[in-house]
Amino acid sequence: MKFKELFVRMIISGGQALIPVRWKQGAFMKLLFVEDEKRMSDALSHLLRKKGYIVDTASDGETGLDMATTGFHDIIILDRMLPALDGISLLKAFRSQGFDTPVLFLTAKDSSKDRVEGLDAGADDYLVKPFSTDELLARLRALARRKSKDFQENNLTAAGLSLDPLRGEVIKDNNTIIQLSVKESLLLELLMRNYGQVLTKARIFEKVWGYCSEIEFANVDLYIHYLRKKLNTSHIKTVRGIGYYLQEEDDV
């Protein structure tokens, strides 16, 4: 089954079959929602999932930053007043690492000074609580359109490979185009975004399959094998008993 066909799948939520929100070439929209107020987080996450979005959540700033920098999200919805690390500090740290994922502040801080501070920190939009869900959804669609236009500039290049995460295509040095499955593409993207850094099997499993996956943990090793074979590369390195990383021999 091809990459685009795999994305056209049904998400089951609350007894209803929902088709994920797709913004280009059949890919679904995946959001990260960082909010410490549980009732707000649960209610809005439920709404967004009913609308077809894939939603990850975090309840504090440190966890949110970790998920933002190691996950695969099209848009981040961010509260300002968070435990462990406030939203402004989280966003500045995120931007300082070179990430350009669209970020929407969703906050009760509504003064013009607050808005200016949020936008200057790197936010793409700013919505004040309480808010209309219709307006929130409209703003998410606007951010998605902006991301779609910029996507071609965000392809990843490392270890002699160029990955188009949206299409699941890899171009090697000899200009050979290789088609990846969904999980293979997510796994390679994770390795490329963390080039030279050892990722534990637990971290890889969490980011590619998710906490609640029923897939066996051994699939990490299996999909690493698939990638190596399909890409015919020796640049995916093993740290025995720990995990994997991507690095060219010249960089070791």
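What comes next is a walk through the structure. Computed from a predicted model, the values in this text were never measured in an experiment. Each chain carries its own residue numbering, running from 1 in the direction its sequence is written. Only residues with pLDDT of at least 70 get local features here, since the model is predicted, and only at 80 or more are side-chain atom pairs given and counted; chain-wide, interface and lining totals rely on the full set of residues. To get the side-chain values, take all heavy atoms of the structure and skip hydrogens and water.

### Description of the packing of helix H3 (residues 61-70) against helix H4 (residues 87-96)
Relative placement of two packed helices is described by the angle separating their axes and the distance separating the axes.
So, point 1. Every axis corresponds to a line fitted to the C-alpha atoms, with the helix fit spanning only the stretch in contact, and the corresponding angles, defined between N-to-C directions, vary from 0 to 180 degrees. Strands are runs of DSSP state E lasting at least two residues, helices are runs of H or I lasting at least four, and both sets are numbered from the N terminus onward. Where H3 contacts H4, the two axes come as close as 10 Å, and the packing angle between them is 25°. When the axes of H3 and H4 are compared, the pair comes out roughly parallel. Along this stretch, H3 crosses H4, giving a crossing that reads as right-handed. Only Leu 90, Ala 93 and Phe 94 of H4 make contact with H3, whose side of the interface consists of Gly 61, Gly 64, Leu 65, Ala 68 and Thr 69.
So, point 2. Each residue is assigned to one of three groups, with Ala, Val, Leu, Ile, Met, Phe, Trp, Tyr, Cys and Pro labelled nonpolar, Asp, Glu, Lys and Arg labelled charged, and all others, Gly among them, labelled polar. Counted by class, the contact of H3 with H4 contains five nonpolar, three polar and no charged residues. An angle counts as roughly parallel when it lies under 35 degrees, as roughly antiparallel when it exceeds 145, as roughly perpendicular when it falls between 65 and 115, and as oblique in every other case. Should the near helix be turned anticlockwise from the far one by less than a right angle, the crossing is left-handed, and should it be turned clockwise, the crossing is right-handed. Contact between two residues is taken to exist if any of their heavy atoms lie within 4.5 Å; hydrogens are not considered.

### Focus on the nonpolar core
So, point 1. Here, nonpolar core means buried Ala, Val, Leu, Ile, Met, Phe, Trp, Tyr and Cys residues that are tied together by side-chain atoms lying within 4.5 Å of each other. Three labels apply to residues, based on accessible area from a 1.4 Å probe with only protein chains included: buried if under 20% of the type maximum, exposed if over 50%, partly exposed otherwise in between. Core analysis: the biggest nonpolar cluster contains 27 residues, and Leu 188 and Ile 204 have the highest contact counts within it.
So, point 2. For this core, the secondary structure elements donating two or more residues are strand S10 (156-158), strand S11 (161-164), helix H7 (182-193), helix H8 (201-208), helix H9 (219-231) and strand S16 (243-246).
So, point 3. Aside from chain neighbours lying at most four places away, what touches Ile 204 is Leu 187, Leu 190, Leu 199, Trp 209, Val 220 and Tyr 244.
So, point 4. Ranked by size, the runner-up nonpolar core spans 20 residues in total, among them Ala 68, Leu 78, Leu 82 and Val 103.

### Some remarks on the sheet that holds strand S13 (residues 177-179)
So, point 1. In this scheme, strands are said to pair when DSSP sees at least two bridges between them. Pairing is antiparallel in the open sheet, where four strands are placed in the order S10-S11-S12-S13. Only two strands of the sheet have a single neighbouring strand rather than two, namely S10 and S13. In this sheet, neighbouring strand axes are inclined to one another by 20° on average, regardless of whether the strands run parallel or antiparallel.
So, point 2. Across three bridges, the pairing between S10 and S11 is antiparallel. Across the sheet, the residue bridging to Ala 158 is Leu 161, located in S11.
So, point 3. H7 rests against S10, S11 and strand S12 (169-172) of the sheet, and its axis sits at about 125° to S11.
So, point 4. Those strands touched by H9 are S11, S12 and S13, and its axis lies near 150° from that of S13.

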